[in-house]
Amino acid sequence: MPMLFDTHCHLDDPRLYEELDDVLTRAKEAGVRRITTIGCAHDVGSVTSALKLARQHPGWVTATVGVHPHDAKHFTPELGDAIREVGKDASVVAIGETGLDFHYDHSSHSAQEAAFRAQITVAKELNKPLVIHTRSAPADTLRILREESANDIGGIIHCFSEDHAFAAAALDLGFVSSFSGIVTFKKAVEVRDAARRQPADSLLIETDAPYLAPVPKRGKRNEPAYVAHTAACIAELRGEDPDALAEQTYQNALRVFGIAE
Ligand SMILES: [Zn+2]
Ligand SMILES: [Zn+2]
């Protein structure tokens, strides 16, 4: 049985939540021993959505809390305070996902940058790592992490979609890379190259479910069980034993999230 850690999914998404018991059972059957579900708050009322799930599944599901760059326009000082309060909970293992998404531009660049900087500050106050979402904004993401001294806490570049040079620059700032189903897509040449070259102790895996199902489930609704396909693909790319890679990425995730076992 492999030992897998899905470091990023959205269990509170209705597409997973409506059959959560079955989703979690299938994950266990696939060898998923831990899941971090991402709490994307839109307002003060939604800051505990992921934490509630973690509390229902102690030792198995952990949570994060933050404001997604898409929703940065909703970020307020009050919401920042609420994230800080929820972030103190032991089941909350990181702040985020936060960062920059200049592909969709659902919030203005200035709003995204302000919310990103504010959440780095919260993470530093709590001494918890950051989960970074970055799309079409590699230079600005690295610049802000540098300017805010985010290396004090480090964290994860989630759903890695850049190249090896970006992964290396992020690692210099204390950020490991987490690979999603994108790495199983043959055309994702740079992402596959980055996964091949990433140091073994700074490599994580995730589903980002319900999005981005890996081959051979591509196009379907994703779920944590499918992280096994991503692990197998990365092991093949690196010429490593799949169970050994699963174990290594599992241990990496425990370290980055500060989870003691
Ligand atoms: Zn994301
Ligand atoms: Zn996400």
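Our structure's up above, just so we're on the same page.
Residues numbered from 1 in each chain as written. Chains lettered and ligands numbered in written order. Predicted model: local features only at pLDDT ≥ 70, side-chain atom pairs only at ≥ 80, totals over all residues. Heavy atoms only, no water.

Trainee: Summarise the coordination of the zinc ion (ligand 2); cite the residues concerned and give the values.
Mentor: Every protein donor of the zinc ion (ligand 2) is listed here as His8 (NE2), His10 (NE2), Glu97 (OE) and Asp208 (OD), and their distances to the metal cover 2.0 to 2.8 Å. Metal-centred angles of 87 to 171° between the four donor atoms at the zinc ion (ligand 2) mark the site as irregular. All donors of the zinc ion (ligand 2) come from a single chain, and their spacing in sequence reads H-x1-H-x86-E-x110-D. Here the zinc ion (ligand 2) and the zinc ion (ligand 1) are spaced 3.5 Å apart, linked through Glu97, which binds each one. Of this pair, His10 sits in the loop between strand S1 (4–9) and helix H1 (14–17) while Asp208 sits in the loop between strand S8 (203–205) and helix H9 (227–238), and the two are 198 residues apart along the sequence. (Donors = N, O, S within 2.8 Å, 3.2 Å for Na, K, Ca; no water. Tetrahedral: all angles 85-135°; square planar, octahedral: opposite > 155°, others 65-115°. Helix = DSSP H or I, 4+ residues; strand = E, 2+ residues; numbered from the N terminus.)

Trainee: Please provide a residue-by-residue account of the coordination of the zinc ion (ligand 1), values included.
Mentor: For the zinc ion (ligand 1), the full set of protein donor atoms is Glu97 (OE), His133 (ND1) and His158 (NE2), and the range of their distances to it is 2.0 to 2.1 Å. Mapped onto the sequence, the donors of the zinc ion (ligand 1) take the spacing E-x35-H-x24-H.

Trainee: Tell me about the layout of surface pockets, and name the residues and values.
Mentor: Of the volumes computed, that of the largest pocket is approximately 610 Å³. His10, His68, His70, Glu97 and Tyr211 are the residues nearest the centre of the largest pocket, which is lined by 24 residues in total. Put simply, the parts of the chain that give the lining of the largest pocket at least two residues each are strand S4 (92–101) and strand S5 (130–135). Broken down by element, the lining of the largest pocket gets its largest block of residues, three residues, from S5. When its residues are assigned to classes, the lining of the largest pocket shows six nonpolar, eleven polar and seven charged. Along the walls of the second largest pocket sit Thr184, Lys186, Arg192, Val215, His229, Cys233, Glu236 and Leu237, which together make up its complete lining. For the lining of the second largest pocket, the per-class residue count stands at three nonpolar, two polar and three charged. (1 Å grid on protein atoms, 1.4 Å probe; cavity = no way out; pocket = protein on both sides within 12 Å on 5 of 7 lines; lining within 4 Å. Points joined across faces, edges and corners; volume = space filled by probe spheres on them. Nonpolar A, V, L, I, M, F, W, Y, C, P; charged D, E, K, R; others polar.)

Trainee: Which residues make up the sheet that holds S8, and what values do they have?
Mentor: Taken in spatial order, the eight strands of this open sheet run S1-S2-S3-S4-S5-S6-S7-S8, and their pairing is parallel. Sheet topology places S1 and S8 at the edges, where each strand pairs with a single neighbour. On average, each strand axis in the sheet is inclined to that of its neighbour by 30°, with strand direction left out of account. Both strand S2 (residues 32–37) and strand S3 (residues 61–65) contribute to a ladder of three bridges, which runs parallel. Counterpart to Ile35 in the pairing with S3 is Val61. Packed on one face of the sheet, helix H4 (residues 77–87) meets S3 and S4 and runs near 145° to S4. Contacts from helix H5 (residues 109–126) reach S4 and S5, with the element oriented near 160° to S4. (Pairing = 2+ DSSP bridges. Axes fitted to C-alpha atoms, helices over the stretch in contact; angles between N-to-C directions. Contact = heavy atoms within 4.5 Å.)

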